[in-house]
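Results of the structural survey
Now for the letters of each chain:
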Amino acid sequence: MQADERLALADDEQMAFEVPDVLVDRATHYCPGCHHGIAHRLVAEVLEEMGVVDDTICVASIGCSVFIYNYLAVDSVEAPHGRAPAVATGVKRGRTDKIVFTYQGDGDLASIGLAEVMHAANRGERITIVFVNNTVYGMTGGQMAPTTLIGQKTTTCPGGRCRDREGMPIRMAEIIAGLGGVAYSARASLDSVKNIRAAKKAVRKAFDVQQQGLGFGFVELLSGCPTNWRMDAVKANTRIREEMIPYFPLGVYKDVTEGEGVC
Amino acid sequence: MSRVVFLDERCKGCLLCTTVCPKGIIVQSSRFNRQGYKVAEVPADAMKDCTGCASCALICPDVAIRVIKSRKAKKAGKE
């Protein structure tokens, strides 16, 4: 490959950016500018930093991220249509020594699988959920999701989401933070370098609380879907900043290790 | 001196890297890769301005960017 020569390091050079080994060296099927790639990398980096790659079981969900098992070299179970937290519950109770996480989108988690995630959180299952919120059903062609913003046009609300007809977008990080068994619930964004660094810390914390046996770890990552938003990737990032973050405020909503939380 | 390497076949031409470069030296090239995406690049004469901060690599959704810096500049942009 042509790039290999350019990657050769001189004696006084070093890599300023390490790519985690657990992230499979393979082009993803995601659209240009899709933030799933960043989210995958953050999870991979955190698993490597914690040294738990060999002891991790991933529960994949439905949506574009269904193929996470092709991109992360960890053992995986596939549990489509929102049932990932229920399957993860079984996996964790069967193998309490393993780190178990699910990776779910907003159509999967906030709509089809709302009951599963709420009860898993309320029971305080020692699992981690990485929730990628891009305000649409991505894989199926951009239908309205529970998180679709007011006025946002999708294929199933071509005139824009209407508050009276479809209700307000659902804020999952706050809802999860209100449940009893939750040890950590936070929302971060993947739109800028600063936010990505903060997001990594949030992902790490969500895994840490599981490893320490404190309870349920939940992290919501605001991400872009340029294809279904009908805009280019740069504009999609601007939209996250200008439209999504004002409605979905970033921050930690519950953290039992700090001794305080929203609830 | 630092440099960045774009893995052309991994780049999807989303250009997010161009928005985060503090020096603004990343541009879209006129080259297409095998998938038909117009890849990003740093023109050879602009590479000297690279600080090795790795912001581009951090935001790249396709892990298509490698950042290499000299050891002396280690502290400057270390993550």
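None of the values given here were measured: they were computed from a predicted structure.

With that out of the way, let us pick up the overall build of chain B. In terms of helices and strands, chain B carries two helices and four strands. Scanning chain B from its N terminus toward the C terminus, one meets helices and strands in the order β-α-β-β-α-β. Counting all 79 residues of chain B, 57% fall into the buried class. For chain B, long-range pairs separated by at least 24 residues make up 60% of all intrachain contacts whose partners lie at least 6 apart in sequence. As displayed, chain B offers around 3800 Å² of accessible surface, 51% of which is attributable to carbon and sulfur atoms.

When you go through chain A residue by residue, the secondary structure sums to eleven helices and eleven strands. The C-alpha atoms of chain A give a radius of gyration of 18 Å, which matches the 18 Å a tight globule of 263 residues would have. With the C-alpha coordinates aligned to their principal axes, the bounding extent of chain A is approximately 65 × 40 × 35 Å. Residues classed as buried in chain A amount to 56% of the 263 residues present. For chain A, the exposed surface amounts to about 10600 Å²; the carbon and sulfur share of it is 52%. Side chains of chain A carry 27 positive and 32 negative charges; the gap between the two charge centres is 8 Å.

The subject of this paragraph is the UniProt feature "domain: Thiamine pyrophosphate enzyme TPP-binding" (unreviewed entry) in chain A. UniProt feature "domain: Thiamine pyrophosphate enzyme TPP-binding" (unreviewed entry): in the numbering of this structure it lies at residues 70–206 of chain A. Within residues 70–206 of chain A, the helical portion is 39% and the strand portion 21%, while the C-alpha atoms at the span's ends are 23 Å from each other.

Rules used in this analysis
- Residues numbered from 1 in each chain as written.
- Chains lettered and ligands numbered in written order.
- Predicted model: local features only at pLDDT ≥ 70, side-chain atom pairs only at ≥ 80, totals over all residues.
- Heavy atoms only, no water.
- Helix = DSSP H or I, 4+ residues; strand = E, 2+ residues; numbered from the N terminus.
- Buried < 20%, exposed > 50% of the residue type's maximum accessible area, 1.4 Å probe, protein only.
- Contact = heavy atoms within 4.5 Å.
- Areas by Shrake-Rupley, 256 points an atom, 1.4 Å probe, with all protein chains shown as cover.
- Rg over C-alpha atoms; globule rule 2.2 N^0.38 Å.
- Lys, Arg positive; Asp, Glu negative; His and termini not counted.
- Charge placed at Lys NZ, Arg CZ, Asp CG, Glu CD.
- UniProt positions renumbered as here; feature names shortened; annotations may be inferred.

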